[in-house]
Amino acid sequence: STGTVIDVNANDGNGGAADVGITYSVLNQADGSLFNIDASTGILTFKDAPDFDNPADSDKNNVYEVIVQADDGEAVNNTATVTLTITVTNENEAPVVSSPLSDLVVDETDPNTSINLNNAFSDPEGVSSLTYSAESSNPAKVVAIASGDSTLILSYKEFGEATITVTASDGEFSVADTFKVTVN
């Protein structure tokens, strides 16, 4: 989100409350252009929400460096700066259906069908391995088993239809895809 990154506070040393009469600014440098600061409160925010997968910082490493200046408006010793380093970390995103499973038409005497689920689902971070489960709406017609090696095995029992639901999970989030199997 573009919510508060930090609330910068300064005190002019004259015995008054912090922030009274002090104005804040972001000094112009590469990453500084990506931030807004409220001149009167010192609240620093990203202009646009950062995206870990597409870093916008100057060296593209998700470490943003910004210099904030506080100015009390007096003629002498009126400014102070602080260099802030903000690191954007990756957050877990739900798996996605990368290639929807297609409906199947088979004969009752056909051998089992194996489908590689790694071709159908993916994890946006590419880090975690997905686990799979499968359910048939009509197991008397079609049995669906998601094996431990990312393979969906379909076994045909008798003529009819079944809707197969396959769910991929990264341990925190999941996504499902459905397809129809018609047994002739």
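Check the entry above for the structure.
Residues numbered from 1 in each chain as written. Predicted model: local features only at pLDDT ≥ 70, side-chain atom pairs only at ≥ 80, totals over all residues. Heavy atoms only, no water.

(A) Expanded view of a negative patch on the surface. On the surface, Asp51, Asp53, Glu91 and Glu93 cluster together to form a negatively charged patch. Along the chain, the position of Glu91 falls in the loop between β6 (79–87) and β7 (96–97). (Patch = residues over 30% accessible without salt bridge, like charges linked within 9 Å, V, L, I, M, F, W, Y side chains within 5 Å. Areas by Shrake-Rupley, 256 points an atom, 1.4 Å probe, with all protein chains shown as cover. Salt bridge = Lys/Arg side-chain N within 4 Å of Asp/Glu carboxyl O. Lys, Arg positive; Asp, Glu negative; His and termini not counted. Charge placed at Lys NZ, Arg CZ, Asp CG, Glu CD. Helix = DSSP H or I, 4+ residues; strand = E, 2+ residues; numbered from the N terminus.)

(B) How the structure looks around the sheet that holds strand β3 (residues 35–37). Strands sit in the order β1-β4-β3 across an open sheet of three strands; the sheet is antiparallel. With partners counted over all chains shown, the strands left at the sheet margins are β1 (4–7) and β3, one partner each. When strand polarity is set aside, the average angle formed by the axes of neighbouring strands in this sheet is 20 degrees. Direction of pairing for β1 relative to strand β4 (residues 43–46): antiparallel, over a ladder of three bridges. By the bridge assignment for β4, Ile6 is matched with Leu44. (Pairing = 2+ DSSP bridges. Axes fitted to C-alpha atoms, helices over the stretch in contact; angles between N-to-C directions.)

(C) A look at the sheet that holds strand β14 (residues 160–169). Here we have four strands laid out as an open sheet, ordered β8-β15-β14-β11, and mixed in their pairing. The open sheet has two edge strands, β8 (104–106) and β11 (131–136), and neither has a second partner. Here the strands of the sheet are splayed against their neighbours by 25 degrees on average, with no regard to which way each runs. In this structure, β11 lies alongside β14, joined through six bridges in antiparallel fashion. Counted as the bridge partner of Ala134 is Val166 from β14.

(D) How the structure looks around the environment of Asp51. Within the secondary structure layout, Asp51 lies in the loop between β4 and β5 (63–71). It is 24 Å that separates the C-alpha atoms of Asp51 and Ala168, two residues lying 117 residues apart in sequence. Among the polar contacts made by the side chain of Asp51, one reaches the main-chain amide nitrogen of Asp53 at a distance of 3.0 Å. (Polar contact = N/O pair within 3.5 Å; in protein donor to acceptor, adjacent residues only side chain to side chain.)

(E) Structural view of the packing of aromatic side chains. Tallied over the full model, the rule gives four aromatic pairs. One aromatic cluster is present, built from ring pairs that chain together Phe35, Phe46 and Tyr64. (Phe/Tyr/Trp six-rings, centres within 6.5 Å; stacked < 30°, edge-to-face > 60°.)

(F) Structural context of the nonpolar core. Of all hydrophobic cores here, the largest spans 20 residues; its most connected members are Phe121, Leu152, Leu154, Ile164, Phe179 and Val181. Looking at this core, the elements with two or more residues in it are β12 (142–146), β13 (151–156), β14 and β15 (174–183). Of all the elements, β14 adds the most residues to this core, at four residues. Discounting residues that sit within four places of it in the chain, Ile164 has contacts with Glu135, Ser136, Val142, Ala144, Leu152, Leu154, Asp177, Thr178, Phe179 and Val181. Val8, Ile22, Tyr24 and Val66 belong to the second-largest nonpolar core, a separate cluster that totals 15 residues. (Core = buried A, V, L, I, M, F, W, Y, C linked by side-chain atoms within 4.5 Å. Buried < 20%, exposed > 50% of the residue type's maximum accessible area, 1.4 Å probe, protein only. Contact = heavy atoms within 4.5 Å.)

Fair warning: the whole summary comes from geometry, so function is off the table for now.
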